[in-house]
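The residues making up each chain are set out below.
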Amino acid sequence: MENKTSGGVSRMKKQPVPALIETGSGHTRSLWKRLLAQKHLQTMALLGVAWMIIFNYIPMYGMIIAFKEYNIVKSIAEAPWVGLQHFRELYEDEDLRYVIKNTLGISLIKLLIGFPLPIIFALFLNEVRSIRYKKAIQTISYLPHFLSWVVLGGILATWLADVGIINNILLALNLIDKPISYLAEPSYFWTIVISSDIWKELGWSAIIYLAAIAGVSPEMYEAATIDGAGRFQKMWYVTLPAIRGTISILFILAVSGVLNSNFDQILVLRNSLNDSASNVIDYYIYYTGIVTSRFSYSMAVTLIKSVIALILLLIANQVTKKINDTSLF
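Residues numbered from 1 in each chain as written. Predicted model: local features only at pLDDT ≥ 70, side-chain atom pairs only at ≥ 80, totals over all residues. Heavy atoms only, no water.

### As for the overall build of the protein chain
Then comes step 1: From N to C terminus, the protein chain includes 16 helices and two strands.
Then comes step 2: Taken over C-alpha atoms, the radius of gyration comes to 29 Å for the protein chain, far larger than the 20 Å a tight globule of 329 residues would show.
Then comes step 3: Dimensions along the principal axes, computed over C-alpha positions, put the protein chain at roughly 110 × 75 × 40 Å.
Then comes step 4: Here the protein chain holds 329 residues, and the buried ones make up 32% of them.
Then comes step 5: Long-range contacts, defined as pairs at least 24 residues apart, comprise 61% of the intrachain contacts of the protein chain with a sequence gap of at least 6.
Then comes step 6: Accessible surface, the protein chain: about 21,200 Å² in total, of which carbon and sulfur atoms supply 66%.
Then comes step 7: Of the side-chain charges in the protein chain, 28 are positive and 22 negative, and the distance between the mean point of each set is 14 Å. (Helix = DSSP H or I, 4+ residues; strand = E, 2+ residues; numbered from the N terminus. Rg over C-alpha atoms; globule rule 2.2 N^0.38 Å. Buried < 20%, exposed > 50% of the residue type's maximum accessible area, 1.4 Å probe, protein only. Contact = heavy atoms within 4.5 Å. Areas by Shrake-Rupley, 256 points an atom, 1.4 Å probe, with all protein chains shown as cover. Lys, Arg positive; Asp, Glu negative; His and termini not counted. Charge placed at Lys NZ, Arg CZ, Asp CG, Glu CD.)

Structure below.
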């Protein structure tokens, strides 16, 4: 539309402001309609958000005690500031060296062995044609996940005792001459922790990969079959490339948690005899903070651990982004 001015020059009329308002309000009404239609799902999501805020974000205020001399007599606000004193103590702490060694040793071996095993398990389980046999394997492999480490720790302590089933089998096979107290020997602790963690979480960790494999198009397998590919070739050239995005995301999360050593498991299986191999960062934080009441020092260790975990997350994210263009952000 044109509007003639006194000078004969035509000008385009601007879009009326009310029209923009109506468009915006239309989107708003549409959004509210969708939210109302999904009210049950949104309520569930809001409960999760509320849980995260209450138990993950609000407690972050307490991190300032890493820079204070806190005790239970005074509040966090009343505690005096000491700056980086606790971080200097952390740097000078000789015990922290073997604590870091144990943590990295257990976590890196878990990452190298425990991360690819669920992928391999899911690949082979996907090739099982018998539905009944497949369900039986899934049930058996998932079951340990639903047992707490308190229960599994008691079972392992019984199996690994001097008169336990492990020693009885090894003695019957003449593989050892006398019973071994496995949980009393530091040299066996890492093997026990890593193998028991894999046993507990193998089936459960494979669920995500099985779900990703289920989304692979059957036409890709049919094309591979026409080209003469066998089962292992299909796994390598079809299945693995199709789920590499899922593998990359889980790898990033696994790398970011490399300083976590499964506190529940360590607490149940450790004792004073295997302390040299079982004292990891999570237990060290618990011991210094709760047992010895060095709250500020333990918070300083926790803060450093969180910063390192964030750095590892960013590095792993960038590496996977460059390799296969998959990342968290």
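So much for the structure itself; the text now carries on.
### What about the side chain of lysine 68?
Then comes step 1: Within the fold, lysine 68 resides in the loop between α2 (39–57) and α3 (85–92).
Then comes step 2: Buried and unpaired, lysine 68 has glutamate 78 as its nearest opposite-charge partner, separated by 9.3 Å.
Then comes step 3: A polar contact of 3.4 Å, which involves the side chain of lysine 68, links it to the backbone oxygen of alanine 77.
Then comes step 4: If we ignore the near neighbours within four places in the chain, the residues touching lysine 68 are Ile76, Ala77, Ala79, Pro80, Trp81, Val82, His86 and Ser296. (Salt bridge = Lys/Arg side-chain N within 4 Å of Asp/Glu carboxyl O. Polar contact = N/O pair within 3.5 Å; in protein donor to acceptor, adjacent residues only side chain to side chain.)

### Overview of the pattern of salt bridges
Close approach of charged atoms allows side chains with opposite charge to pair.
Then comes step 1: All told, the structure shown has seven salt bridges when counted by the stated rule.
Then comes step 2: The shortest N-O distance in the salt bridge between glutamate 127 and arginine 129 comes to 3.6 Å.
Then comes step 3: The class for glutamate 127 is buried, based on a relative accessible area of 11%.
Then comes step 4: Each member of the salt-bridge network shares a partner with another, and the members are Glu127, Arg129 and Arg231.

### Let's talk about the nonpolar core
Then comes step 1: Membership of the largest hydrophobic core comes to 24 residues, with the highest contact counts inside it found for Phe115, Ile119, Ala122, Tyr209, Ile213 and Ile247.
Then comes step 2: Counting only elements with at least two residues in this core, the list comes to α5 (116–126), α9 (186–214), α10 (218–226), α11 (231–242), α12 (244–256) and α16 (295–324).
Then comes step 3: It is α5 that provides the largest number of residues to this core, a total of five residues.
Then comes step 4: Excluding its chain neighbours within four sequence positions, the residues that come into contact with isoleucine 119 are Tyr209, Leu240 and Ile247.
Then comes step 5: Listed in part, the 19 residues of the second largest apolar core include Leu156, Ile194, Ile198 and Ala277. (Core = buried A, V, L, I, M, F, W, Y, C linked by side-chain atoms within 4.5 Å.)

### Quick notes on a nonpolar patch on the surface
Then comes step 1: Residues Val49, Trp51, Met52, Ile53, Ile54, Phe55, Tyr57, Ile58 and Met60 make up a contiguous nonpolar surface patch of about 930 Å² in total accessible area.
Then comes step 2: Counting through the fold element by element, methionine 60 comes out in the loop between α2 and α3.
Then comes step 3: Under the relative-accessibility criterion, methionine 60 is labelled partly exposed at 45%. (Patch = residues over 30% accessible without salt bridge, like charges linked within 9 Å, V, L, I, M, F, W, Y side chains within 5 Å.)

### Describing the environment of tyrosine 142
Then comes step 1: Residue position: tyrosine 142 is located in helix α6 (residues 131–142).
Then comes step 2: Judged by relative accessible area, which is 17%, tyrosine 142 ranks as buried.
Then comes step 3: Expressed as a C-alpha distance, the spacing of tyrosine 142 and tryptophan 204, which sit 62 residues apart in the sequence, is 5.3 Å.
Then comes step 4: Ignoring any residue separated from it by four or fewer positions in sequence, one finds tyrosine 142 in contact with Gly203, Trp204, Ile207 and Leu210.

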